[in-house]
Amino acid sequence: MEEIPKPSELLAARSAAEQLFALLRRWFAVPESVTLDLRSVDSAVAELGEPQLVMAMAMRKLQALHLLTTPGVRTTTDVVLTVIQDLERALLQAPGMHLKQSAAATDWDAEFRAMDAPDADIERESNDEIDLFRSSHMALHEAARAVLHITNGEIRVLV
């Protein structure tokens, strides 16, 4: 199978994976280690509805993508595209889930008082984080498009 160099967009997705990983950990308080219930095929039904576990699984896929975007690590186009596709649902849902959880846990009286303070910059900080998330997520899309383009949609080895 023909080997081709990884496109620059795929290499750039390495830092995007790092940023998304950190944001998901922070937003959903994902611990450093997560245990999976593998007793039976149905044992995950309750767990897979928990945002923290859903994001932990996405973080695991970000770890895989981070490895695949490492210069010199051999992979194939289908593996890269599958990992990026697997991340898509969780990454589409993450900002809304984060905001919903934050809103539910917020002491709104205290927040309204803080907004009246002369040095209040709460909204800007939140928007910056969302913007970082969106640009990092978009970098994964750009990586997928670049992989498809450089390989003409064929499975190739990327180095």
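Residues numbered from 1 in each chain as written. Predicted model: local features only at pLDDT ≥ 70, side-chain atom pairs only at ≥ 80, totals over all residues. Heavy atoms only, no water.

**Q** How should I be thinking about the pattern of salt bridges in this particular structure?
**A** Where charged atoms from two side chains of opposite charge approach closely, those side chains can pair. Scanning the entire structure with this criterion turns up four salt bridges. Of the charged contacts in the structure, one is a salt bridge between Glu3 and Arg74, with a shortest N-O distance of 2.1 Å. In this pair, Glu3 sits in strand β1 (residues 3-4) while Arg74 sits in the loop between α2 (51-68) and β2 (75-76), placing the two residues 71 residues apart along the sequence. A salt bridge links Arg39 to Asp37; the nearest nitrogen and oxygen atoms lie 2.4 Å apart. Accessibility expressed as a relative area gives 17% for Asp37, which makes it buried. (Salt bridge = Lys/Arg side-chain N within 4 Å of Asp/Glu carboxyl O. Helix = DSSP H or I, 4+ residues; strand = E, 2+ residues; numbered from the N terminus. Buried < 20%, exposed > 50% of the residue type's maximum accessible area, 1.4 Å probe, protein only.)

**Q** Can you help me understand the environment of Thr106 in this one?
**A** Inspection of the secondary structure puts Thr106 in the loop between α3 (77-105) and α4 (108-115). Sequence separation between Thr106 and Gly153 is 47 residues; the distance between their C-alpha atoms is 47 Å.

Read these as layout, nothing more, since geometry by itself doesn't imply function.
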